[in-house]
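Notes for the structure review
Residues per chain are reported as follows:
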Amino acid sequence: QVQLVESGGGLVQAGGSLRLSCVVSRTIFSRYAMAWYRQSPGKQRELVAAIISGGGSTDYADSVKGRFTISRDNAKNTVYLQMNSLKPEDTAVYYCNLGQYSGTYYPYDYWGQGTQVTVSS
């Protein structure tokens with residue numbers, strides 16, 4: 001069974017930075033694309049960023065382009081989300097996901113437990 005464990009969330013002031021990490025339990029990690037999603041109360045879960053299996057291509061939601069960077073270390077089975085210039089509207093629970101990417105990201109039903117990010121104004 002594949003397990004995903006996120007960490008790195010917290011409370012930060014607007015304009016600050018956080019780095020989220022997600023460790024995947026299986027060595028199959030390197031074969032799959034990975035993504036970060038977020039969900040705020042009363043809103044649908046939305047795709048924030050995705051990265052292909054080899055790490056050479058990434059995709060971002062328009063709302064985070066230029067501020068967030070997704071990366072991965074296949075030797076550590078870990079995907080990261082560096083979040084800079086954070087805004088109050090970035091407040092959400094952030095989830096990592098394992099899936100596939102072929103022009104668009106398709107999530108498999110493998111999710112972490114989520115990590116809370118709160119940005120104060």
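Scroll up a little and you will see the structure.
Attention shifts here to the packing of aromatic side chains. Within a pair of aromatic rings, the relevant descriptors are the distance that separates the centres and the angle that separates the planes. Summed over the entire model, instances satisfying the criterion amount to four aromatic pairs. The interplanar angle of 55 degrees and the centroid separation of 6.3 Å between the aromatic rings of Tyr37 and Tyr105 together place this pair among those described as tilted. Of this pair, Tyr37 sits in strand β4 (residues 33–39) while Tyr105 sits in strand β10 (residues 105–111), and the two are 68 residues apart along the sequence. The same class applies to Tyr37 and to Tyr105, which are both buried. Seen from their ring centres, Tyr37 and Trp111 are 5.0 Å apart, and the 70 degrees between their planes marks the pair as edge-to-face. Highlighted residues: Tyr37 in strand β4 and Trp111 in strand β10, separated in sequence by 74 residues. These aromatic residues form a ring-pair network of at least three members: Tyr32, Tyr106 and Tyr108. Of note, Arg45 hangs over the ring of Tyr95, and the distance from its end group to the ring centre comes to 3.8 Å. Residue placement shows Arg45 over the ring face of Trp111; its charged tip is 4.6 Å from the ring centre.

Among the nonpolar cores identified, the biggest contains 29 residues, and Trp36, Val79, Leu81, Met83 and Tyr94 are the most heavily contacted of them. When residues of this core are traced back to their parent elements, those giving at least two are β3 (18–24), β4, β5 (46–51), β7 (68–73), β8 (78–83), β9 (92–101) and β11 (115–120). Core analysis: the second largest hydrophobic core is formed by five residues, Ala33, Ala35, Tyr37 and Tyr105 among them.

What follows covers the sheet that holds β8. Here four strands make up an open sheet; going across it, the order is β1-β3-β8-β7 and the pairing antiparallel. Two strands in the sheet have a free side with no partner beyond their single neighbour: β1 (4–7) and β7. The sheet shows a mean angle of 15 degrees between the axes of neighbouring strands, direction not considered.

Our next topic: the side chain of Thr115. Along the chain, the position of Thr115 falls in strand β11. From its side chain, Thr115 meets the backbone nitrogen of Gly9 in a polar contact 3.1 Å long. Filtering out sequence-adjacent residues up to four positions away, Thr115 remains in contact with Glu6, Ser7, Gly8, Gly9, Leu20, Ala92, Val93 and Tyr94.

Attention shifts here to the pattern of salt bridges. On inspection of all chains with the given rule, the structure shows four salt bridges. Here Asp90 makes a salt bridge to Arg38, at a shortest N to O gap of 2.9 Å. Pair noted here: Asp90 is in the loop between β8 and β9 and Arg38 is in strand β4, with a separation of 52 residues, a long-range link. A single burial state applies to Asp90 and to Arg38, both of which are buried. Connected through shared salt-bridge partners, Arg38, Glu46, Arg67 and Asp90 make up one network.

Rules used in this analysis
- Think of each chain on its own: its residues are numbered from 1, step by step along the sequence as written.
- In keeping with the model being predicted, local features are shown solely for residues with a pLDDT of at least 70 and side-chain atom pairs are shown and tallied solely at 80 or more, while totals for entire chains, interfaces and linings include all residues.
- Note: side-chain values were computed over all heavy atoms of the structure, leaving out hydrogens and water.
- Working definition: a ring pair exists when centres of Phe, Tyr or Trp rings (six-membered ring for Trp) sit within 6.5 Å. Plane angles under 30 degrees give stacked, over 60 give edge-to-face, the rest tilted.
- Only runs of H or I of at least four residues qualify as helices and only runs of E of at least two qualify as strands under DSSP, and these elements are numbered from the N terminus.
- Per-residue accessibility, obtained with a 1.4 Å probe over protein chains only, is compared with the maximum for each type, and a residue is labelled buried under 20%, exposed over 50%, and partly exposed between these values.
- Whether a charge sits over a ring depends on NZ of Lys or CZ of Arg being within 6 Å of the ring centre and within 35 degrees of the ring normal.
- To define a nonpolar core, start from buried Ala, Val, Leu, Ile, Met, Phe, Trp, Tyr and Cys residues and group those joined through side-chain atoms within 4.5 Å.
- The rule for pairing is simple: two strands pair if DSSP sees at least two bridges between them.
- Lines fitted to the C-alpha atoms define the axes, with helices restricted to the stretch that makes contact. Angles between their N-to-C directions range from 0 to 180 degrees.
- In the analysis that follows, any N or O atom pair within 3.5 Å is treated as a polar contact, provided that within protein one partner can donate a hydrogen and the other can accept it, and provided that, for residues neighboring in sequence, both atoms belong to side chains.
- The contact criterion used throughout is that any non-hydrogen atoms of two residues lie within 4.5 Å.
- Only one rule defines a salt bridge in this text: a Lys or Arg side-chain nitrogen within 4 Å of an Asp or Glu carboxyl oxygen.

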